[in-house]
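Examining the three-dimensional arrangement
Read off the chains here:
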Amino acid sequence: MDRATGTILTTSPSALSVFDLDNRFRAQLWEDSPEAVRMQQPENDAQLITFMNKLPRANRDWTNPIMRYSIDTALESNTTLESAYAAAQDHVHLVDWELVSAGSVIYLPETGQQMYVDETPTDSTVSVILTKLGGINVAAASGAVVTIGAPYMGELSELRASHTTTPGDPQYNYITMAGNYFAMSKLQLNAAMTTNFGTITKEMENIKFQILQQVQASLLFATRSTWSDATEKQFYVGNGLMAQLQSNTLNLGTLGHNATWPNFNDFLEPMFESSLSAMKKDMFCGPELFRDLLNTARTAGRIELNPEGKTTYYSPDLGSLSYDITTDSGHRVSVHEEKWSLKDLSDWGFVLDSNNLGAGQYKGLGPQWFMDLQSNSEVMKVKHGFFMSWALNVFDDSTMGIVRGGTQTIVNR
Amino acid sequence: MVRGNKSIIDRVAGDKKEEPKVSNPSSVTGEKGSAGVVHFWSTQSKYSVAVAPGKNVRFNKHVLVLGSSDPSIEVVRGLGTVDIKEVIDVPFTKDTDLAKFNKFLQGIVYSGERGTATRRGLVALSGLFNSKDDISAGADPDVLIMQVLKRKSFKEGI
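Residues numbered from 1 in each chain as written. Chains lettered and ligands numbered in written order. Predicted model: local features only at pLDDT ≥ 70, side-chain atom pairs only at ≥ 80, totals over all residues.

1. A look at the overall build of chain A
To be explicit about the condition: Numbering of helices and strands runs from the N terminus, with a helix taken as a DSSP run of H or I at least four residues long and a strand as a DSSP run of E at least two residues long. Once C-beta atoms are placed from the backbone, each residue is buried if 20 or more other C-beta atoms lie within 10 Å of its own, exposed if 12 or fewer, and partly exposed for counts between those two. Residues are treated as contacting if the C-beta atoms built from their backbones sit within 7 Å of each other.
Scanning chain A from N- to C-terminus turns up six helices and 24 strands. When the 413 residues of chain A are sorted by exposure, 31% land in the buried category. When contacts within chain A are restricted to residue pairs at least 6 apart in sequence, long-range pairs at least 24 apart make up 71% of them.

Take a look at the structure:
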């Protein structure tokens, strides 16, 4: 027994403190009960994976780790001047010179000029005859619109040559595999717990949410790769969205004053041009961009009100806070707040087109548990693992894009 | 999309030449490579930059050319993003920079399956040239890379 003198208290920092968790003399006080842990979020919801699973082309089973696909577009009939045209010049420089061949007719609608193509070009220099078609002959600026007219024929003409297209580069992607495990002692497994912390159920939830969150990050930012490891053999890593969305990016800078409705609208409209485009896009935004775009669209009167007269709503399908906007030409974009993968990239956003995304897994290797993985000698452990394979393929990348920038938080907490 | 005006063949090189454009065409004051212009290049084909309220400038086929007095230039430069480079008609001088630049260009061009040259990569590479460079669209990819190494560099380094 130790002796103590002086005023009896238990809050002296040099002696017993009421704040010490191991203080044996004052009973610990809990506002509710020790096991009542207030979870800020029950889970880090992986919205993108939820979205992926709801795609028209979702949950497909593939049997080869490499898959290919191609995108092409319709024949065009107009181009632009590669460089300025001087009056009376007997040739023009066309950006898309393969549109024309001998006997083609070129119109420059902005100046009213028409020209007859003399011979089939082999590069951007196109020889033209000005006298055959007549009309005015004036200079035209670089970038002027050039339209290709009908290939006129005379009494004894032969048919004119035409052009065709071949699809662009075939795209390809890999199926990625990933998984992790946890181990628990059998003493812990059988321990009575006051909460669900440390229970097998809780740990299984943890590991599943953990890997889903990590897979979502890979779905956004992974870069395609493959390599051979001496012991683990061939790895395949598929491209994420950022690596595949190489056509449209809008950078708003960091000040936010350029994040106006015309800036957003100018960016969004071209994504609907492709006939492969869906009628509606889904845009997953970090919290700051989500707020920026909401305020901007609200100010511009481009936000749709739900039946309750509110702008934002809870999307039960994705588990997100959402709102709908319409572009100047009436195209619709549903904007969803993505709080987790974009938490530290809160001024980023991904505009996605459900018609141009394909998702799936290696056949038989979708999301699943592998139970009791402990070895025979690990008699005091249980070991369970969660595994999944996936690929997210972008078909027409002109229909999707990435937004970066806008306002930053005033106070960084 | 690739055009073939004589027969339906599969070609690697020969895509359309570049035409720089911005959403406000008046800000283009000349051709690429001519005096008084700034030549930006992006790893992405249609990068847009909000340069003012209600005004975006957009890269077309990786290229954005702005007149040297265009106020948008400082906005684009100020982004400091790795996706955008300012192309100058002076080659790198240090071997280490040239080696890095070569590796960078190889990565752009040979991005196909099993390291083959891609049409997208060649389009991106051709965006580094200007009309005065007189580069043949059908040239060998390695030759094009050498031409870039001999003539071009990025103002911000590699």
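2. So, the overall build of chain B
Broken down by element type, chain B carries four helices and seven strands. The helix and strand sequence of chain B, counted from the amino end, reads β-β-β-β-β-α-β-α-α-α-β. The buried share of chain B, reckoned over its 158 residues, is 41%. Pairs at least 24 apart in sequence give 67% of the contacts found in chain B among residues at least 6 apart.

3. Section: the pairing of strand S7 (residues 125–129) of chain A
All names here are of chain A. We count it as follows: Two strands pair if DSSP finds at least two bridges between them.
Every second residue of S7 is oriented toward a common face, the buried set being Val-126 and Val-128 and the non-buried set Thr-125, Ser-127 and Ile-129. As paired strands, strand S4 (residues 91–93) and S7 are joined by three bridges and run antiparallel to one another. Residue pairing across strands places Val-92 opposite Val-126, the latter belonging to S7. Where strand S6 (residues 113–117) lies against S7, two bridges are found, and the strand directions are antiparallel. By the bridge assignment, Tyr-116 is partnered in S7 with Ile-129.

4. Observations concerning the sheet that holds strand S2 (residues 37–42) of chain B
All names here are of chain B. As a reminder of what qualifies: Helix axes use the C-alpha atoms of the stretch in contact, all axes being lines fitted to C-alpha atoms, and the angles between their N-to-C directions lie in the range 0 to 180 degrees.
Reading across the sheet, the four strands line up as S5-S2-S6-S7 and stay open at both edges, with antiparallel pairing between neighbours. Across the chains shown, the open sheet's two edge strands, defined by having one partner strand only, are strand S5 (63–67) and strand S7 (153–154). As paired strands, S2 and S5 are joined by five bridges and run antiparallel to one another. When the sheet's bridge partners are listed, His-39 is paired in S5 with Val-65. With respect to the sheet, helix H1 (residues 72–79) is in contact with S2, S5 and strand S6 (84–88), its orientation differing from that of S6 by roughly 120 degrees.

5. Notes on the domain arrangement of chain B
All names here are of chain B. The cut-off we apply is this: A domain assignment, automatic or from a database, supplies the domain bounds used here. Following the grouping adopted for this structure description, the nonpolar residues are Ala, Val, Leu, Ile, Met, Phe, Trp, Tyr, Cys and Pro, the charged ones are Asp, Glu, Lys and Arg, and the polar ones are all others, Gly among them.
Here the domain parsing of chain B yields domain 1 (25–87) and domain 2 (95–154). Those elements that provide at least two residues to the side of domain 1 that touches domain 2 are S2 and S6. The element contributing the most residues to the side of domain 1 that touches domain 2 is S6, with three residues. Of the residues contributing to the side of domain 1 that touches domain 2, the split by class is three nonpolar, three polar and five charged.

6. Quick notes on the packing of helix H2 (residues 95–109) of chain B against helix H4 (residues 141–151) of chain B
All names here are of chain B. To be explicit about the condition: Handedness of a crossing is defined here by the sense of rotation of the near helix relative to the far one, left-handed for an anticlockwise turn of less than a right angle and right-handed for a clockwise turn.
Where H2 meets H4, the closest approach of the two axes is 10 Å, and the angle between their N-to-C directions is 140 degrees. In terms of crossing hand, the pair formed by H2 and H4 is right-handed. Residues Leu-98, Phe-101, Asn-102, Leu-105, Gln-106 and Val-109 of H2 form the contact with H4, whose own contacting residues are Pro-141, Ile-145, Val-148 and Leu-149.

7. Digging into the nonpolar core
Formally: Any set of buried Ala, Val, Leu, Ile, Met, Phe, Trp, Tyr and Cys residues joined through C-beta atoms within 7 Å is what this text calls a nonpolar core.
Ranked by size, the top nonpolar core spans 78 residues in total, and within it Leu-48, Val-335 and Leu-392 of chain A together with Leu-125 of chain B carry the most contacts. With residues near it in sequence (within four places) discarded, Leu-125 of chain B still touches Leu-105, Ile-108, Val-109, Leu-144 and Val-148 of chain B. Grouped together as the second largest cluster of nonpolar side chains are 16 residues, Leu-94, Met-115, Ala-140 and Val-146 of chain A included.

8. Notes on the domain arrangement of chain A
Annotation of chain A at the domain level lists domain 1 (39–73 + 169–413) and domain 2 (78–149). The straight-line distance from the C-alpha centre of domain 1 of chain A to that of domain 2 of chain A is 47 Å.

9. Some details on the sheet that holds strand S3 (residues 78–80) of chain A
Residues and elements named next belong to chain A. Read across the sheet, six strands follow the order S3-S8-S5-S6-S7-S4 without closing on themselves; strand pairing throughout is antiparallel. Each of the sheet's edge strands pairs with one partner strand only, and the pair in question is S3 and S4. The mean inter-strand angle of the sheet, taken between neighbouring strand axes irrespective of direction, is 40 degrees.

10. Topic: the environment of Leu-321 of chain A
Residue and element names in this part refer to chain A. By secondary structure assignment, the location of Leu-321 is in strand S18 (residues 320–326). Considered as a pair, Leu-321 and Met-115 are 206 residues apart in the sequence and their alpha carbons are 57 Å apart. With residues near it in sequence (within four places) discarded, Leu-321 still touches Thr-312, Tyr-314 and Glu-337.

11. Side note on the confidence of the model for chain A
Put simply, the rule reads: pLDDT: the predictor's confidence for each residue, scored from 0 to 100.
Here chain A averages 86 in pLDDT, and 89% of its residues register 70 or above. Of all secondary-structure elements in chain A, the lowest mean pLDDT belongs to strand S9 (residues 164–166) of chain A, at 71, while strand S22 (residues 368–370) of chain A reaches the highest, 96.

12. Quick look at the pairing of strand S24 (residues 401–404) of chain A
Regular strands place side chains that alternate from one sheet face to the opposite one. All names here are of chain A. Examined bridge by bridge, strand S14 (residues 248–251) and S24 share three bridges and lie parallel to one another. By the bridge assignment, Asn-251 is partnered in S24 with Arg-404. Looking at chain direction, strand S20 (residues 348–352) and S24 are connected through four bridges and run antiparallel. Note that in S24 the partner of Trp-348 across the bridge is Arg-404.

13. A word on helix H3 (residues 200–221) of chain A
All names here are of chain A. So the rule is basically this: To estimate how far a helix should reach, multiply one less than its number of residues by 1.5 Å. This arc is built from the directions going out from the helix axis to the C-beta atoms.
The end-to-end C-alpha separation of H3 is 32 Å, in line with the 32 Å expected for 22 residues at 1.5 Å each. Looking at H3, one finds that the buried residues are Val-215, Gln-216, Leu-219 and Leu-220. Burial along H3 is one-sided: seen end-on, the buried residues are contained in an arc of 140 degrees. Check the buried side of H3 and you find it contacts helix H1 (47–53), strand S11 (176–185), helix H4 (241–244) and strand S23 (381–394).

14. Details of helix H6 (residues 287–300) of chain A
Along an α-helix, residues three or four apart share an orientation, since each turn contains 3.6 residues. Residue and element names in this part refer to chain A. Under the 1.5 Å per step criterion, the end-to-end length of H6 is 20 Å for 14 residues, consistent within 8% with the ideal 20 Å. Where H6 is concerned, the buried positions are Glu-288, Leu-289, Phe-290, Asp-292, Leu-293, Thr-296 and Ala-297. Looking one or two residues beyond H6, the residue adopting positive phi is Gly-301, at roughly 70 degrees.

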